[in-house]
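Take a look at the letters that make up each chain.
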Amino acid sequence: MAETIALIDYGAGNLHSVHNALIAAGAGNILVTADPDIVEKADRIVLPGVGAFGACRTALANINGMIDAMETRVLRDAVPFLGICVGMQLLADKGIEFGEHDGLGWIGGTVHAIEAPSPDIKIPHMGWNDVLPSQDHGLMESGEAYYLHGYHFDVADEADILATTAHGMSLVAAVGRANVIGVQFHPEKSQAYGLAFLTRFLEWNP
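The shown structure was predicted, so the numbers you read here are calculated from the model rather than taken from an experiment. (Residues numbered from 1 in each chain as written. Predicted model: local features only at pLDDT ≥ 70, side-chain atom pairs only at ≥ 80, totals over all residues. Heavy atoms only, no water.)

Asker: I keep staring at the pattern of salt bridges and nothing clicks. Help me out?
Answerer: In a structure, side chains of opposite charge can pair up when their charged atoms sit close to one another. In this structure the tally under the stated criterion is six salt bridges. Between E100 and K94 there is a salt bridge whose closest N-O contact spans 3.7 Å. Close ionic contact of R177 with D160 constitutes a salt bridge, the shortest N to O distance being 2.6 Å. Taken as a pair, R177 in strand β12 (residues 170-177) and D160 in the loop between β10 (151-155) and β11 (161-166) lie far apart in primary sequence, 17 residues in all. A relative accessible area of 5% places D160 in the buried class. Taken together, the shared-partner salt bridges connect R73, R76 and D77 into one network. (Salt bridge = Lys/Arg side-chain N within 4 Å of Asp/Glu carboxyl O. Helix = DSSP H or I, 4+ residues; strand = E, 2+ residues; numbered from the N terminus. Buried < 20%, exposed > 50% of the residue type's maximum accessible area, 1.4 Å probe, protein only.)

Asker: Just checking my understanding: could you explain the sheet that holds β12 for this structure?
Answerer: For sheets, the rule is that strands pair by backbone hydrogen bonds, running either parallel or antiparallel. Pairing within the open sheet is mixed, and its nine strands lie in the order β2-β1-β3-β4-β13-β12-β11-β8-β9. At either end of the open sheet lies a strand with only one pairing partner, and these are β2 (29-33) and β9 (143-149). Neighbour to neighbour, the strand axes of the sheet diverge by 25 degrees on average, direction disregarded. Note: β12 against strand β13 (residues 180-183), four bridges, orientation antiparallel. Bridging across to β13, A174 finds its partner in V183. (Pairing = 2+ DSSP bridges. Axes fitted to C-alpha atoms, helices over the stretch in contact; angles between N-to-C directions.)

Structure below.
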């Protein structure tokens, strides 16, 4: 029986592209859902995210029972979880974008604006750039992926940083702890590298 993958629909993600990329990576039973009951029974959970941190956090909180269902399934039952772009940033304690907003607090740190070290460094950080693994992890491999973000995850504990990228400075490209992983890049836009990453996620048994 194919595993159930819950792709959370909270009005803040690139759902169509992520859905298609998961299929291309070999996923069978993908449920695009805003139903906490489905999330609480899923074998794997994917949280996409595009836009401002606060708006995404509010949209997620506005689905009654969704954050509780995610925490039950991910933190208690330890099913594999993937956060993409803002979905990764929401793992933080808080985000500072159009005010200060609480995150999920699953991985310590703060999301704040990228401050360019020189005028020739363009913000937002957009386009293809390296993924540089900072520790040995089954999901992370060196390569190039597609990024689009003006805010970055300043992680409290370096042990939670799985990969970085360089854009005039070092920026966090991936975070993780136990069964939770988040990536700043967009696997669904990262062609062969992104599909290989998603395939590894679908096979991951943390």
